[in-house]
Amino acid sequence: MNQDKKKVLLVDDDEVIQEVLFTLLKNNNYEVESAENGKVALQKVQGKFFDHIITDLSMPVMGGLEFIENLNELGVESTITVISGHSELDNVTKAFKLGAEDFIAKPIQFVEEILITLSQAEENARLKRDNVRLQQELEEKYVFENIIAKSKVMSSIFATINKIADYKTTVLI
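Residues numbered from 1 in each chain as written. Predicted model: local features only at pLDDT ≥ 70, side-chain atom pairs only at ≥ 80, totals over all residues. Heavy atoms only, no water.

Peer 1: Describe the overall build of the protein, naming the residues involved and giving the relevant values.
Peer 2: In terms of helices and strands, the protein carries six helices and five strands. Order of helices (α) and strands (β) in the protein, N terminus to C terminus: β-α-β-α-β-α-β-α-β-α-α. Relative to the globule expectation of 16 Å for 173 residues, the C-alpha radius of gyration of the protein, 23 Å, shows a markedly less compact shape. C-alpha extents for the protein along the principal axes are approximately 75 × 40 × 30 Å. Buried residues in the protein amount to 34% of all 173 residues. When contacts within the protein are restricted to residue pairs at least 6 apart in sequence, those whose partners lie at least 24 apart make up 59%. Accessible surface computed for the protein: about 11500 Å², of which carbon and sulfur atoms make up 52%. The average position of the 19 basic charges and that of the 29 acidic charges among the side chains of the protein differ by 11 Å. (Helix = DSSP H or I, 4+ residues; strand = E, 2+ residues; numbered from the N terminus. Rg over C-alpha atoms; globule rule 2.2 N^0.38 Å. Buried < 20%, exposed > 50% of the residue type's maximum accessible area, 1.4 Å probe, protein only. Contact = heavy atoms within 4.5 Å. Areas by Shrake-Rupley, 256 points an atom, 1.4 Å probe, with all protein chains shown as cover. Lys, Arg positive; Asp, Glu negative; His and termini not counted. Charge placed at Lys NZ, Arg CZ, Asp CG, Glu CD.)

Put into structure tokens, the structure is as follows:
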């Protein structure tokens, strides 16, 4: 198995959409698993990490909104893309509030839209990781522990700086 392949979980009860997207993603170097509803998909995410989850909202047994809520409760960190019909825009809004990152309307006009959406999600995830890493590097570099001082006066100044550091104001010490 190639470690570079991104893993996608495709959740949709429409067999035609599943087959088309499954083939498209496989042919574009994604490792794909599918599920016909949120309940089956939840069982899959509990044993495996997926980079992306593409889910329909209207499905039997467990719909997309309930599925996304369960993903949040489990702390799943996959990017979530919702595919849904235009008649469900209220539910799409709810899905975004629950953490979905993108929406593709059914019927899907251009299957390449899925590839573009996943590519953008991967870039956003990379930027978030880089941002966290850079913030950690800055925090490690610019800490008081890196300043050498032994006097009580300097210790007092450091304590004062620590107290006011989170305020967005100018302070003369």
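Peer 1: For the nonpolar core, give the residues involved together with the corresponding values.
Peer 2: Leu 9, Val 11, Val 45, Ile 53, Phe 67, Leu 71 and Ala 95 are the most contacted members of the largest nonpolar core, which has 20 residues in total. Within the residue set of this core, elements represented by two or more residues are β1 (6-11), α2 (38-45), α3 (64-74), β4 (79-85) and α4 (89-97). Of all the elements, α3 adds the most residues to this core, at four residues. With near-sequence residues (within four places) excluded, Leu 71 lies in contact with Leu 42, Val 45, Ile 53, Val 76 and Ile 80. Leu 24, Leu 25, Tyr 30 and Ile 83 belong to the second-largest nonpolar core, a separate cluster that totals 15 residues. (Core = buried A, V, L, I, M, F, W, Y, C linked by side-chain atoms within 4.5 Å.)

Peer 1: Any chance you could break down unusual backbone geometry for me, citing the residues and the numbers?
Peer 2: Even without a glycine there, the phi angle at Asn 29 is positive, about 70 degrees. Topologically, Asn 29 is positioned in the loop between α1 (15-27) and β2 (30-35). One non-glycine residue, Val 61, adopts positive backbone phi at about 70 degrees. Tracing the sequence through the fold places Val 61 in the loop between β3 (52-56) and α3.

Peer 1: Got a sec to walk through α1? Specific residues and values, please.
Peer 2: The end-to-end C-alpha separation of α1 is 18 Å, in line with the 18 Å expected for 13 residues at 1.5 Å each. Considered for burial, the residues of α1 that qualify are Ile 17, Gln 18, Leu 21, Leu 24 and Leu 25. Here the buried residues of α1 occupy an arc of 140 degrees about the axis, which is enough to place them on one side. Turned more than 90 degrees away from the buried face of α1, the exposed residues are Glu 15, Val 16, Glu 19 and Asn 27. (Expected span 1.5 Å × (residues − 1). Arc of directions from axis to C-beta.)

Peer 1: Please give an account of the packing of α1 against helix α5 (residues 112-141) that cites residues and values.
Peer 2: It is at 10 Å that the axes of α1 and α5 come closest, and there the two elements cross at 55 degrees. Compared by their axis directions, α1 and α5 come out oblique. Considering only the axes of α1 and α5, their crossing is right-handed. Residues Leu 21, Leu 24 and Leu 25 of α1 lie in contact with α5, whose contacting residues are Ile 114, Leu 115 and Leu 118. Among the residues forming the contact of α1 with α5, the class breakdown is six nonpolar, no polar and no charged. (Axes fitted to C-alpha atoms, helices over the stretch in contact; angles between N-to-C directions. Parallel < 35°, antiparallel > 145°, perpendicular 65-115°, else oblique. Left-handed = near helix turned anticlockwise from the far one by under 90°. Nonpolar A, V, L, I, M, F, W, Y, C, P; charged D, E, K, R; others polar.)

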